[in-house]
Amino acid sequence: MRCPEACRYFRRALLAAACLLLVACQGGGELPDLAAVKDVPTLKRTFYGFLVPIVTRENDRIRAQREGLAVLRETLAAGERPGWLARRR
C-alpha cells in the first residue's frame, strides 16, 4: 500500500526536522536539503550519510567515557583512592 502525498510530505518534513534538531544539538555540518530529494533511496542515503558522522562522534565520546570509568573502577577495586583529576574526567 502506497502512502498518499500528504503522508510522504509529512515523512520528509519529519526527517528534515530530525536533522535540524541533530545539527542544533551536535553542532554538526551543513544540513542536507532533504525536501529537494524526490526518490526514497536517495533520501535515505542522504539522511543516513548526514547522521553517520554525528553518531560516530557520539559513540566515540561514550566509548572514551566508558574507558575512563573502567580505569576509575579498577582504581577503586584495588583499594586506591583516585586523584582529583581522575574523579573529574
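Please read all numbers here as calculations on a predicted model, not as lab measurements.

Conventions adopted
- Residues numbered from 1 in each chain as written.
- Predicted model: local features only at pLDDT ≥ 70, side-chain atom pairs only at ≥ 80, totals over all residues.
- Heavy atoms only, no water.
- Helix = DSSP H or I, 4+ residues; strand = E, 2+ residues; numbered from the N terminus.
- Buried < 20%, exposed > 50% of the residue type's maximum accessible area, 1.4 Å probe, protein only.
- Contact = heavy atoms within 4.5 Å.
- Areas by Shrake-Rupley, 256 points an atom, 1.4 Å probe, with all protein chains shown as cover.
- Salt bridge = Lys/Arg side-chain N within 4 Å of Asp/Glu carboxyl O.
- Phe/Tyr/Trp six-rings, centres within 6.5 Å; stacked < 30°, edge-to-face > 60°.
- Polar contact = N/O pair within 3.5 Å; in protein donor to acceptor, adjacent residues only side chain to side chain.

(A) Summary view of the overall build of the chain. Within the chain, the regular secondary structure consists of three helices and zero strands. Starting at the N terminus and walking to the C terminus, you meet the elements of the chain as α-α-α. Here the chain, with 89 residues, has 13% of them falling under the buried criterion. Across the chain, the fraction of contacts at a sequence separation of at least 24, relative to all contacts at a separation of at least 6, is 38%. For the chain, the computed accessible surface area is about 7300 Å², with 61% contributed by carbon and sulfur atoms.

(B) Spatial organisation of the pattern of salt bridges. Tallied over the entire structure, the rule returns two salt bridges. A salt bridge links Glu 58 to Arg 61, with the shortest nitrogen-to-oxygen separation between them at 2.5 Å. With a gap of three residues between them, Glu 58 and Arg 61 both fall in helix α2 (residues 40–77), about one helical turn apart. Since its relative accessible area comes to 45%, Arg 61 is described here as partly exposed.

(C) Examining the packing of aromatic side chains more closely. In the structure shown here, the tally under the stated rule is one aromatic pair. Arranged with centres 5.4 Å apart and planes meeting at 65 degrees, the rings of Phe 47 and Tyr 48 form a pair that is edge-to-face.

(D) View of the environment of Val 40. Structurally, the position occupied by Val 40 is in helix α2. Here the alpha-carbon distance between Val 40 and Arg 8, two residues 32 residues apart in the chain, equals 9.7 Å.

(E) The arrangement of the environment of Ala 16 in detail. You can see Ala 16 is positioned in helix α1 (residues 5–26). Classification of Ala 16 by relative accessible area gives partly exposed; the value is 30%. Separated by 15 residues in sequence, Ala 16 and Leu 31 have C-alpha atoms that sit 8.5 Å apart.

(F) Representation of the side chain of Arg 12 within the structure. Residue placement: Arg 12 occurs in helix α1. Polar side-chain contacts of Arg 12 include one of 2.7 Å to the backbone oxygen of Lys 38. If we skip the residues at most four places from it in the chain, Arg 12 touches Leu 34, Val 37, Lys 38, Asp 39 and Leu 43.

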